[in-house]
Amino acid sequence: MTITFITGANKGLGRETARRLIECGHTVLVGARDREQGEAAATALGARHVPIDVTDDASVADAAANVAAHEGRIDVLINNAGVHGPVGDPGDLTAADALGVLDVNVIGVIRTTTAFLPLLRRSDDPVIVNVSSGMGSLALTHDPARPESQVVVPLYTSSKAALTMLTTQYAKGLEDIRVNAADPGYTATDLNGHSGPQTVTEGTDAIVALATEPPGAGTGRFVSRHGEIAWS
């Protein structure tokens with residue numbers, strides 16, 4: 001039985017990923033900061049809620065200890081929790097704005113990955129999926145034909161660019177674990193006021209594909225529902 005831990009799994013992409021992976025036969029652990037929402041989502045999905053705030057070292061350590069005590073290992077870690085940050089004029093940004101976004105979207109991934117590595121290394125086929133975005137791609141955000149080029153979201157885009165690079169470094173440095181990044185695409189979620197043209201199911205296609213690949217599949221890739229994306 002594949003055991004999968006998902007951060008930010010009480011709603012949006014995280015919850016839909018949980019639902020789909022449960023359908024695939026995974027035992028899913030719903031990581032969520034809000035206990036009430038996390039427990040409600042887990043109950044509805046047939047999963048177990050594990051409290052985790054990816055911005056808090058103690059909370060992340062407690063979550064890893066919780067899983068160690070109950071399941072003993074994980075096979076798949078999906079770093080999904082993310083925040084959007086300010087939209088528009090970058091002249092209004094503050095250091096506090098930047099720290100808030102980076103603390104979730106990048107540093108939160110580092111906190112969670114480090115804490116869960118011992119549990120992943122108990123798996124026969126450990127996998128990490130980082131939920132990034134085409135908004136962090138230099139190529140896509142400079143292509144006028146792409147929706148990624150039409151908006152100004154300075155901190156979100158910067159954080160996702162950092163996350164995609166971090167993914168490649170993990171893939172190189174963690175030779176015993178497959179580490180890949182997923183681009184959900186422009187999906188209707190709370191993060192964008194449900195303005196995206198894709199359904200939440202379409203938005204989870206790449207995440208689910210990476211989480212269910214057979215042993216020996218590639219590492220260090222950036223994948224959307226349409227295929228592999230160049231690292232640029």
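Chemist: An account of the pattern of salt bridges is needed here, citing residue identities and associated values.
Modeler: Close approach of charged atoms allows side chains with opposite charge to pair. Using the criterion set out here, one finds 14 salt bridges in the structure. The salt bridge partner of Arg 48 is Glu 71, with a shortest N-O separation of 2.9 Å. With Arg 48 in strand β3 (residues 48–51) and Glu 71 in the loop between α3 (57–70) and β4 (76–79), the pair connects residues that are 23 residues apart, well separated along the chain. Overall, Arg 48 belongs to the partly exposed group, its relative accessible area being 23%. Where salt bridges share partners, they join Arg 20, Glu 202, Asp 205 and Arg 225 into one cluster.

Chemist: Now, about the nonpolar core: what can you tell me, with residues and values included?
Modeler: Grouped together as the largest cluster of nonpolar side chains are 28 residues, with contacts concentrated most on Phe 5, Val 67, Ile 74 and Phe 116. Only β1 (3–6), α3, α4 (95–120) and α6 (154–173) provide two or more residues apiece to this core. Element by element, the count of residues in this core is highest for α4, at 7 residues. Residues in contact with Ile 74, not counting those within four places in the same chain, are Ile 3, Phe 5, Leu 29, Val 67, Phe 116, Leu 119, Leu 120 and Ser 123. Leu 21, Val 131, Ala 206 and Val 223 belong to the second-largest nonpolar core, a separate cluster that totals 20 residues.

Chemist: So what's going on with the pairing of β4? Residues and values would help.
Modeler: Within a regular beta strand, the side chains point alternately toward one face of the sheet and then the other, so they alternate between its two faces. Where burial is concerned, the two faces of β4 agree: the one with Val 76 and Ile 78 and the one with Leu 77 and Asn 79 are both buried. Alignment of β1 against β4, held across 3 bridges, turns out to be parallel. When the bridges of β4 are listed, Phe 5 appears paired with Leu 77. As defined by bridge partners, β4 adjoins strand β5 (residues 127–131) across 4 bridges and the pair is classed as parallel. For Val 76, the partnering residue across the bridge sits in β5 and is Val 127.

Chemist: Which residues make up the sheet that holds β1, and what are the values?
Modeler: Pairing in this open sheet of 8 strands is mixed, and the strands run β3-β2-β1-β4-β5-β6-β7-β8 from one edge to the other. Of all the strands in the sheet, the pair left with one neighbour each is β3 and β8 (227–229). Strand-to-strand, the axes of this sheet are offset by a mean angle of 25°, without reference to chain direction. Strand direction decides the pairing type here: strand β7 (residues 222–224) and β8, joined by 3 bridges, are antiparallel. Each residue of the ladder has a partner; that of Ser 224, found in β8, is Gly 227. Contacts between α4 and the sheet are confined to β1, β4 and β5, with β4 contributing the most and set at about 175° to the helix.

Chemist: Before we move on, can you summarise the packing of helix α1 (residues 12–23) against helix α2 (residues 35–45) with the specific residues and values?
Modeler: Following both chains from N to C, one finds α1 and α2 inclined at 25°, their axes separated by 10 Å at the closest point. Taken as axis vectors, α1 and α2 run roughly parallel relative to one another. In the packing of α1 onto α2, the handedness of the crossing is right-handed. Together, Arg 15, Ala 18, Arg 19 and Ile 22 of α1 and Ala 41, Ala 44 and Leu 45 of α2 make up the contact between the two elements. In terms of residue class, the contact of α1 with α2 is built from 5 nonpolar, no polar and 2 charged.

Chemist: Talk me through the side chain of Asn 10; I want residue IDs and the actual numbers.
Modeler: In this structure, Asn 10 sits in the loop between β1 and α1. Assessed through its relative accessible area of 14%, Asn 10 is described here as buried. Among the polar contacts made by the side chain of Asn 10, one reaches the side chain of Gln 37 at a distance of 2.8 Å. Sequence-distant contacts of Asn 10, that is, excluding residues within four places in its chain, are made with Arg 15, Val 30, Gly 31, Ala 32, Gln 37, Gly 38 and Ala 41.

Reading the values: the criteria
- Residues numbered from 1 in each chain as written.
- Predicted model: local features only at pLDDT ≥ 70, side-chain atom pairs only at ≥ 80, totals over all residues.
- Heavy atoms only, no water.
- Salt bridge = Lys/Arg side-chain N within 4 Å of Asp/Glu carboxyl O.
- Helix = DSSP H or I, 4+ residues; strand = E, 2+ residues; numbered from the N terminus.
- Buried < 20%, exposed > 50% of the residue type's maximum accessible area, 1.4 Å probe, protein only.
- Core = buried A, V, L, I, M, F, W, Y, C linked by side-chain atoms within 4.5 Å.
- Contact = heavy atoms within 4.5 Å.
- Pairing = 2+ DSSP bridges.
- Axes fitted to C-alpha atoms, helices over the stretch in contact; angles between N-to-C directions.
- Parallel < 35°, antiparallel > 145°, perpendicular 65-115°, else oblique.
- Left-handed = near helix turned anticlockwise from the far one by under 90°.
- Nonpolar A, V, L, I, M, F, W, Y, C, P; charged D, E, K, R; others polar.
- Polar contact = N/O pair within 3.5 Å; in protein donor to acceptor, adjacent residues only side chain to side chain.

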